[in-house]
Amino acid sequence: MTDLTILEERFQAKIDAELKIEPKDWMPEKYRKNLIRQISQHAHSEVVGMLPEGNWITRAPSLRRKAILLAKVQDEAGHGLYLYSAAETLGTSREQTIDDLLSGKAKYSSIFNYPTLTWADIGAVGWLVDGAAIMNQVMLCRTSYGPYARAMVRICKEESFHQRQGYEIMAVLANGTPEQKEMAQDALNRWWWPSLMMFGPTDANSPHSAESMKWKIKRQSNDELRQIFIDRTVQQAEVIGLSVPDPALKWNEATQHYDWGTIDWSEFNNVVAGNGPCNKERMVARNKAHDEGAWVREAALAYAAKKLKRKAA
Ligand code: BYC
């Protein structure tokens, strides 16, 4: 047995025993790279995810709604920071990770390439997008890599509040005037299928799933999570009198799950390839914000250098 095989066996035994892997522990290079890939994409999603909602802060219909939305968008920035820090513990630099996003090389969730056209879209994003995000992130609280798992605990608490505030916006609109109800239904119609795409390709077409499940980075598959999300969300829609835009949707007594239609994977692939309705706009906005924040980074670095110099003197 080679030294590498012994190390790999010990590593897998640790994972199988539900022990966490910490930054200084030995880990296979592929485990490290897979985690950097997933955590950095996740961080980018949180940061780019601020844009569609940030677009409505100045137009929120009341002071209360504005305060809630501001807090939510700030939470997403915080999630991005925890996740960039978790990625750094695996040996990447934050500068490189962010450069990869800004140059268009790195992926982020497809969902943030759709526009928020009306106030109801803010409800739909909270209800469906944060709802899908928590479904996937609750399992990540038990992911095998310690820093990622710990970051997810706090993130999930906040996402749970985000989901509820979105659902409450939808409930109010759905019980309002006919025009408000129509606006809520229209938002649900537009966000439903893209929300299902958030869970990623089908299990059969998910290249990372086998290794990620073996290493307990992921604990439930893309299809499993998507199904749980559908089962819960369809019932939530019924409660507020909205209908899910899927003619094939039907409760199946035998499986105790909803049967449902087919995702348009060509749309998903197109959005992930950079050709969604807002991909270009999102990248322009992120690059602009990064450039405009250059002075803050320079000032922070100069302050840190001055402090170090004083300490050394
Ligand atoms: N969009 O083998 P697969 C949030 C990519 S943000 C774009 O199944 P994996 C929030 C995938 O990256 C929520 N790309 O991959 C923020 C891979 O590409 P590469 C974000 C997608 O990693 C603000 C390829 O397809 N949540 O909460 O095993 C406001 C093959 O896929 C997508 C997370 O990031 C997609 N939807 O599984 C509101 C959670 N799906 O790397 C809310 C953490 C797949 O080979 N991430 N791809 O080029 C995960 O759990 C997993 O990465 C995924 C995909 C389930 C998303």
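All residue numbers refer to positions counted from 1 along the written sequence of the respective chain. The model is predicted, so local features are restricted to residues of pLDDT at least 70 and side-chain atom pairs to those at 80 or more, both for listing and for counting; the totals for chains, interfaces and linings are taken over all residues. Calculated side-chain values reflect all of the structure's heavy atoms, with hydrogen atoms and water omitted.

Draft legend 1. Fine view of the overall build of the chain. Along the backbone of the chain there are 13 helices and 2 strands. Once the C-alpha set of the chain is aligned to its principal axes, its extents read approximately 70 × 50 × 30 Å. Sequence separation of 24 or more characterises 76% of the internal contacts of the chain that already satisfy a separation of 6 or more. Of the roughly 16000 Å² of accessible surface on the chain, 58% is carried by carbon and sulfur atoms. Counted as positive: Lys and Arg. Counted as negative: Asp and Glu. His and the chain ends are not counted at all. Working definition for charges: the position is that of NZ of Lys, CZ of Arg, CG of Asp or CD of Glu. Averaged over its 40 positive side-chain charges, the chain has a centre that lies 8 Å from the centre of its 39 negative ones. Counting from the N terminus, the helices are the DSSP runs of H or I reaching at least four residues and the strands are the DSSP runs of E reaching at least two. Any two residues whose heavy atoms approach within 4.5 Å are treated as being in contact. Here, Shrake-Rupley sampling with a 1.4 Å probe gives the accessible areas, and only protein chains in the shown set may cover a residue.

Draft legend 2. Spotlight on the pattern of salt bridges. Salt bridge, as used here: a side-chain nitrogen of Lys or Arg that lies within 4 Å of a carboxyl oxygen of Asp or Glu. For the structure on display, the rule yields 20 salt bridges. Here Lys 72 and Glu 53 are joined by a salt bridge, their closest N and O atoms 2.8 Å apart. In this pair, Lys 72 sits in helix H4 (residues 63-88) while Glu 53 sits in helix H3 (residues 50-54), placing the two residues 19 residues apart along the sequence. Residue Lys 72 is classed as buried on the basis of its relative accessible area of 0%. When its relative accessible area of 2% is taken as the criterion, Glu 53 is described as buried. Here Lys 72 and Glu 76 are joined by a salt bridge, their closest N and O atoms 2.8 Å apart. Taken together, the residues span about one helical turn, with Lys 72 and Glu 76 both in helix H4 at a distance of 4 residues. Here Lys 72 and Glu 76 have matching classes, each one buried. The network of salt bridges with common partners includes Glu 53, Lys 72, Glu 76 and Asp 130. Think of it in three bands: residues with accessible area under 20% of the maximum for their type are buried, residues over 50% are exposed, and the middle band is partly exposed, with areas taken using a 1.4 Å probe on protein chains only.

Draft legend 3. How the structure looks around the site of the ligand. The criterion for a residue being near a molecule or strand is simple. One of its heavy atoms has to lie within 4 Å of it. Around the ligand, the structure places 35 residues, and the nearest of them are Gln 41, Lys 107, Ser 206, His 208 and Lys 218. Under this definition, polar contacts are N or O atom pairs within 3.5 Å; protein pairs additionally need one hydrogen-donor-capable and one acceptor-capable atom, and for neighbouring residues in sequence, both atoms have to be side-chain atoms. Take Ser 206: an N or O atom from its side chain is 2.8 Å from an oxygen atom of the ligand. In isolation the ligand offers 1100 Å² of accessible surface; the protein chains occlude 90% of this area. When residue character is reported, Ala, Val, Leu, Ile, Met, Phe, Trp, Tyr, Cys and Pro are called nonpolar, Asp, Glu, Lys and Arg charged, and the others, Gly included, polar. The residue inventory of the shell around the ligand, partitioned by class, reads 13 nonpolar, 13 polar and 9 charged.

Draft legend 4. Quick peek at the packing of aromatic side chains. Aromatic pairs are defined between Phe, Tyr and Trp rings, using the six-membered ring for Trp, whenever the two ring centres lie within 6.5 Å; interplanar angles under 30 degrees are classed as stacked, those over 60 as edge-to-face, and all others as tilted. Under the criterion given, the structure shown has 10 aromatic pairs. Between Phe 11 and Trp 26 the ring centres are 6.2 Å apart and the planes differ by 85 degrees, which places this aromatic pair in the edge-to-face class. On the criterion of sequence distance, the pair formed by Phe 11 in helix H1 (residues 3-16) and Trp 26 in the loop between H1 and helix H2 (29-48) is long-range, its members being 15 residues apart. Judged by relative accessible area, which is 3%, Phe 11 ranks as buried. Trp 26 sits in the partly exposed class, given a relative accessible area of 33%. An angle of 70 degrees between the planes, with centres 5.0 Å apart, marks the rings of Trp 251 and Tyr 258 as edge-to-face. Judged by its relative accessible area of 32%, Trp 251 is partly exposed. The class for Tyr 258 is buried, based on a relative accessible area of 9%.

Draft legend 5. Looking closely at a positive patch on the surface. To count toward a patch, a residue needs a relative accessible area over 30% and no salt bridge; like charges are then connected within 9 Å, while nonpolar side chains (Val, Leu, Ile, Met, Phe, Trp, Tyr) are connected within 5 Å. On the surface, a cluster of positive charge is made up of Lys 306, Lys 307, Arg 310 and Lys 311. Along the chain, Lys 307 falls in helix H13 (residues 294-312). For Lys 307, a relative accessible area of 49% translates into the label partly exposed.

Draft legend 6. Molecular detail of unusual backbone geometry. In this model, Glu 18 sits at a positive phi of 65 degrees, which is unusual for a non-glycine residue. If you trace the backbone, Glu 18 turns up in the loop between H1 and H2. Notably, Gln 256 is not glycine yet its phi reads approximately 60 degrees, a positive angle. Note on placement: Gln 256 falls in the loop between strand S1 (250-252) and strand S2 (257-259). Given a relative accessible area of 44%, Gln 256 falls into the partly exposed group.

In short, the description is geometric, and any link to function would need to be established separately.
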